[in-house]
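Here is what each chain is made of, one letter per residue.
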Amino acid sequence: MAVPQHTSAFRTRRFLNWFPMGLTYAFLYMGRYNLTVAKTSLGDLMTKEDFGIIFAAGTFCYAFAFLINGPLVDRLGGRLGILLASAGSAVANLVMAFYLNGLLADPEAGRESMVVTFSALYAVNMYFQSFGAVSIVKVNANWFHVGERGGFSGIFGTMISSGIFLAFTVNGWLLKLATAQLGPGSQWVVFAAPSLLLAIMFFVELGLLRNQPSGAGHEDFDTGDASSGDTSDEPIPTLQLFKQILTHPIIMTVALIEFCTGILRNGVMHWFPIYAKEVWVLPSNHYLAYGQWTHVWLIGVMFGVAAVSGFLASRSQGRRRAFLAAMALLSFLAPFVQGGWGGILFIAGVIGGNVAGWVSDLVFQSRRGPAAGGLYAALAVCTGLMFFTLGEPANEVGYAKAGIGLEAGDKVLELGGQKIEGWAQAATAVKCWPAQCVESKWDSKRCACTTKSSAQGTGAPSQGFIPATVLRAGKELQLKLPDPMTKQRAGDKRKLKVRPVLPLSPYLLGTLVFLMSLCVIGTHGLLSGTATMDFGGRKGAGTAVGVIDGFVYLGTGVQSLSLGFLTSKSWSYWPLFLLPFAVIGFLLCLRIWNAKPGGSGGH
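**Student:** Could you clarify how one ought to interpret the overall build of the protein chain in this entry?
**Tutor:** Assigned secondary structure in the protein chain consists of 18 helices and 10 strands. Looking at the protein chain as a whole, 56% of its 603 residues qualify as buried. For the protein chain, long-range pairs separated by at least 24 residues make up 80% of all intrachain contacts whose partners lie at least 6 apart in sequence. For the protein chain, the exposed area adds up to about 24,400 Å²; of that, 65% sits on carbon and sulfur atoms.

The structure is reproduced here in structure tokens:
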């Protein structure tokens, strides 16, 4: 069936429908992955295993919520679904902000119940978040013909990428600003900010969003998907709909592929910034951390080039149009290189989502399998190469702030009475040097001051220095390093402002995780955002995306629990855990290589 020729008025109204909805979805991501930003700042108050448990609780809730919310959105419409998502997540994030603020005021009092409480609150947040993708796909199944949905895959990938940028980079900037203005203990801001933005979008969507063209004064049309030929507005009974979805070989194969996608996407997206902070000890303004926006004039120039190129592309044809469109996109994305990990993910997602959708429509005649298979093949290669780019820093100082007693080039042999062979041991030694505890006492097991009566303290409190033995210019020196935190209250932690020499350039692994993110976000947008509409049809799109996205987050939960445990043992398990799922995902893509949707009139 030929793609319908839409009027300019229809395209404008469609933009006003999907763009605010896409912005809402981006803010949902900001209020979903803010947990990762909080974890990297909270340190030992939320360990890697704690984070794994909390995130898994939310993702498992998200996955199983689709069994309810998918059919519910198919019956009630995507407009109500996205309103529930924005309102529910706004409230949940606000409650998490209040809870975290109280916890940081007295960390010891709430430490034991933190995991359980945060898991419950995060699960509530993720329940309402689960309405988001279902609602977007449900609404757009009525507004986009199957021949246009490769383009929508790019839109969907851009929505996801924008949300990831907001979650990792903008939340990071907000946290840095709040810490500078309000002092330590300001992590609650990364939950409060998305709460406010989602509340605003609730009212925007209330006024603009419509489920189908007829609701906005335009004619409905046959979208050419699995519901093609069925003009009835009656919803399919829920049990019948589940039977059709769960017995559909293409949809279930896509679900298994997306299970692997959930493992790989979050296995990179969440754990790379934790690795960069814990192992590499990167400064916050590093391009692989939170980044920094410099040369504002250059950013303005690049955005100007993007605007002019986009304008010229809209008035050109053929190769000239394609060249100008590519220049506009790349010029727009270039400044985001400075945006840290969130900016990198934004660039990867926009390129991956748009290229995957474009290739599937124009090269493979709206077949999603070949494009997804190519991305998964590249993903498997990059995952295998990851193992060779990891490296634990040794005991050599790469950078030391003036006045702390260490210099670049020093090899730390002993610190705080402990022999040092690797940088992780040095960090532990600094943390575990006994402090003078204020209104608390030293717990040698946890290496922290505590108010618990059961704490067992050993070692003389710090007298204002930490003893160290270093090798400097071939000579062994005994030093007394100034203690940056001689006196501590319960929950305080000590760190030296020093970073190690890295055995390999961080940009080697950074390049690989960029390519992996490009592949995995492109695949996710293509399958969860597009194939669900194709094979679920406009009547079953909500349930189809619910089943498929449910599998994505089952995979996310599996990796969260697994990597939270494995990386606590050794980071070398990280790529070894991911690799089998990249290979399995590629093999499953071969099974849907020739699959295309076709209308049956009954689904």
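After presenting the structure, the write-up continues.
**Student:** It is not clear to me how the sheet that holds strand E3 (residues 418-419) should be interpreted in this structure. Could you clarify?
**Tutor:** In sheet architecture, strand pairing relies on hydrogen bonds along the backbone and comes in two forms, parallel and antiparallel. Ordered in space as E3-E2-E7-E8, the 4 strands form an open sheet in which the pairing is antiparallel. Every other strand in the sheet has two partners, leaving E3 and strand E8 (475-482) as the edge strands with one partner each. Pairing analysis gives 4 bridges linking strand E2 (residues 411-415) to strand E7 (residues 465-472), with the strands arranged antiparallel. Residue Glu-414 lies in a different strand from E7, and its bridge partner there is Thr-469.

**Student:** Is there a simple way to explain the environment of Phe-323 in this structure?
**Tutor:** Locating Phe-323 in the fold gives a position in helix H13 (residues 318-333). According to the relative accessible area criterion, Phe-323 is exposed, its value standing at 53%. Sequence separation between Phe-323 and Ala-313 is 10 residues; the distance between their C-alpha atoms is 8.0 Å.

**Student:** Which parts of the structure should I look at to understand the packing of helix H15 (residues 369-386) against helix H18 (residues 573-591)?
**Tutor:** Packed helix pairs are characterised by how far apart their axes lie and by the angle those axes make with each other. Between H15 and H18, the least distance of the axes is 8 Å, while the angle of their chain directions is 160 degrees. Classed by the angle they form, the pair H15 and H18 counts as roughly antiparallel. Between H15 and H18 lies a crossing of left-handed hand. Contacts from Gly-369, Ala-372, Gly-373, Tyr-376, Ala-377, Leu-379, Ala-380, Thr-383, Gly-384 and Met-386 in H15 reach Trp-574, Pro-575, Leu-578, Leu-579, Phe-581, Ala-582, Val-583, Gly-585, Phe-586 and Cys-589 in H18. Per-class residue counts for the contact of H15 with H18 are 15 nonpolar, 5 polar and no charged.

**Student:** Mind showing me how you'd approach the state of the cysteines here?
**Tutor:** What is meant by a disulfide is a covalent connection between two cysteines, made through their sulfur atoms. What the rule picks out here adds up to 2 disulfides. With its sulfur 1.9 Å from that of its partner, Cys-432 forms a disulfide with Cys-447. With the S-S dihedral at roughly 95 degrees, the linkage between Cys-432 and Cys-447 falls on the right-handed side. With Cys-432 in helix H16 (residues 423-432) and Cys-447 in the loop between strand E5 (441-443) and strand E6 (448-450), the pair connects residues that are 15 residues apart, well separated along the chain. Between the sulfur atoms of Cys-437 and its disulfide partner Cys-449 the distance amounts to 2.1 Å. On the S-S bond that ties Cys-437 to Cys-449, the torsion sits near -85 degrees, and the link is left-handed. Residue Cys-437 is found in strand E4 (residues 436-437), and its partner Cys-449 is found in strand E6; the two are separated by 12 residues along the sequence. Each disulfide of the protein chain joins two cysteines, and with those cysteines numbered along the sequence the arrangement is 1-3, 2-4. Distance from the sulfur of Cys-382, which forms no disulfide, to the nearest cysteine sulfur (Cys-519) is 5.9 Å.

**Student:** Quick question: what am I supposed to make of the packing of aromatic side chains here?
**Tutor:** By convention here, two paired aromatic rings are described through the distance between centres and the angle between planes. Under the counting rule described, the total for this entry stands at 37 aromatic pairs. Ring plane angle 80 degrees and centroid distance 5.4 Å describe the contact between Phe-15 and Trp-18, whose orientation is recorded as edge-to-face. Of this pair, Phe-15 and Trp-18 are both found in helix H1 (residues 8-30), 3 residues apart, which corresponds to roughly one turn of the helix. Ring centres of Phe-259 and Phe-581 lie 6.4 Å apart, and the angle between their planes is 65 degrees; on these two criteria the pair is classed as edge-to-face. Here the residue Phe-259 occupies a position in helix H10 (residues 249-269), and Phe-581 occupies one in helix H18, the gap between them amounting to 322 residues. Taking relative accessible area as the criterion, Phe-259 reaches 21% and is therefore assigned partly exposed. Between the NZ or CZ atom of Arg-32 and the centre of the ring of Tyr-29, over which it lies, the distance is 4.4 Å. Seen from the ring of Phe-465, Lys-480 lies directly overhead, with NZ or CZ sitting 4.8 Å from the centre.

**Student:** In this structure, what is going on with helix H3 (residues 48-76)? I would like to understand it.
**Tutor:** Since the α-helix advances by 3.6 residues per turn, residues separated by three or four positions end up pointing in the same direction. Between its terminal C-alpha atoms H3 stretches 40 Å, which fits the 42 Å expected from 29 residues at 1.5 Å a residue. Along H3, the helix axis deviates most sharply at Phe-66, where the bend reaches about 45 degrees. Backbone geometry just downstream of H3 places Gly-77 in the positive-phi region, at approximately 100 degrees.

**Student:** Teacher, can you tell me more about unusual backbone geometry here?
**Tutor:** Only a minority of non-glycine residues have a phi that is not negative, and only a minority of peptide bonds are not trans. Of note in this structure, Val-281 is not a glycine but carries a positive phi near 55 degrees. Its place among the elements puts Val-281 in the loop between helix H11 (271-280) and helix H12 (296-314). A relative accessible area of 25% means that Val-281 is categorised as partly exposed. Even without being a glycine, Ala-473 presents a positive backbone phi close to 55 degrees. Summarising the element assignment, Ala-473 is placed in the loop between E7 and E8. On the basis of relative accessible area, Ala-473 is assigned to the exposed category, the value being 79%.

**Student:** I tried to follow H11 on my own but got confused; where do I start?
**Tutor:** Among the 10 residues of H11, 8 are classified as buried, and the element is accordingly described as predominantly covered. All of the buried residues in H11 are Trp-271, Phe-272, Pro-273, Ile-274, Tyr-275, Ala-276, Val-279 and Trp-280. Two residues or fewer after H11 comes Val-281, characterised by a positive phi angle close to 55 degrees.

**Student:** Is there a simple way to think about the pattern of salt bridges in this case?
**Tutor:** All told, the structure shown has 3 salt bridges when counted by the stated rule. A salt bridge links Arg-494 to Asp-483, with the shortest nitrogen-to-oxygen separation between them at 2.7 Å. Of this pair, Arg-494 sits in the loop between strand E9 (487-488) and strand E10 (498-500) while Asp-483 sits in the loop between E8 and E9; the two residues are 11 residues apart in sequence, bridging distant segments of the chain. A relative accessible area of 4% places Arg-494 in the buried class. Asp-483 gets classed as buried once you look at its relative accessible area, which sits at 10%. Each of Glu-407, Asp-410 and Arg-472 takes part in one network of salt bridges that share partners.

**Student:** Which parts of the structure should I look at to understand the packing of helix H4 (residues 78-105) against helix H8 (residues 189-208)?
**Tutor:** Direction vectors running N to C along H4 and H8 enclose 160 degrees, while the axes themselves pass 8 Å from each other. What the angle tells us is that H4 and H8 run roughly antiparallel. Classified by chirality, the crossing of H8 by H4 is left-handed. Seen from H4, the contacting residues are Arg-79, Ile-82, Leu-83, Ser-86, Ala-87, Ser-89, Ala-90, Asn-93, Leu-94, Met-96, Ala-97 and Leu-100; seen from H8, they are Phe-191, Ala-192, Pro-194, Ser-195, Leu-198, Ala-199, Phe-202, Glu-205 and Leu-206. Of the residues belonging to the contact of H4 with H8, the class tally is 15 nonpolar, 4 polar and 2 charged.

Conventions we followed
Residues numbered from 1 in each chain as written. Predicted model: local features only at pLDDT ≥ 70, side-chain atom pairs only at ≥ 80, totals over all residues. Heavy atoms only, no water. Helix = DSSP H or I, 4+ residues; strand = E, 2+ residues; numbered from the N terminus. Buried < 20%, exposed > 50% of the residue type's maximum accessible area, 1.4 Å probe, protein only. Contact = heavy atoms within 4.5 Å. Areas by Shrake-Rupley, 256 points an atom, 1.4 Å probe, with all protein chains shown as cover. Pairing = 2+ DSSP bridges. Axes fitted to C-alpha atoms, helices over the stretch in contact; angles between N-to-C directions. Parallel < 35°, antiparallel > 145°, perpendicular 65-115°, else oblique. Left-handed = near helix turned anticlockwise from the far one by under 90°. Nonpolar A, V, L, I, M, F, W, Y, C, P; charged D, E, K, R; others polar. Disulfide = S-S within 2.5 Å. Phe/Tyr/Trp six-rings, centres within 6.5 Å; stacked < 30°, edge-to-face > 60°. Lys NZ or Arg CZ within 6 Å of the ring centre and 35° of its normal. Expected span 1.5 Å × (residues − 1). Bend = angle between axes of the 7 residues up to and from the residue. Salt bridge = Lys/Arg side-chain N within 4 Å of Asp/Glu carboxyl O.

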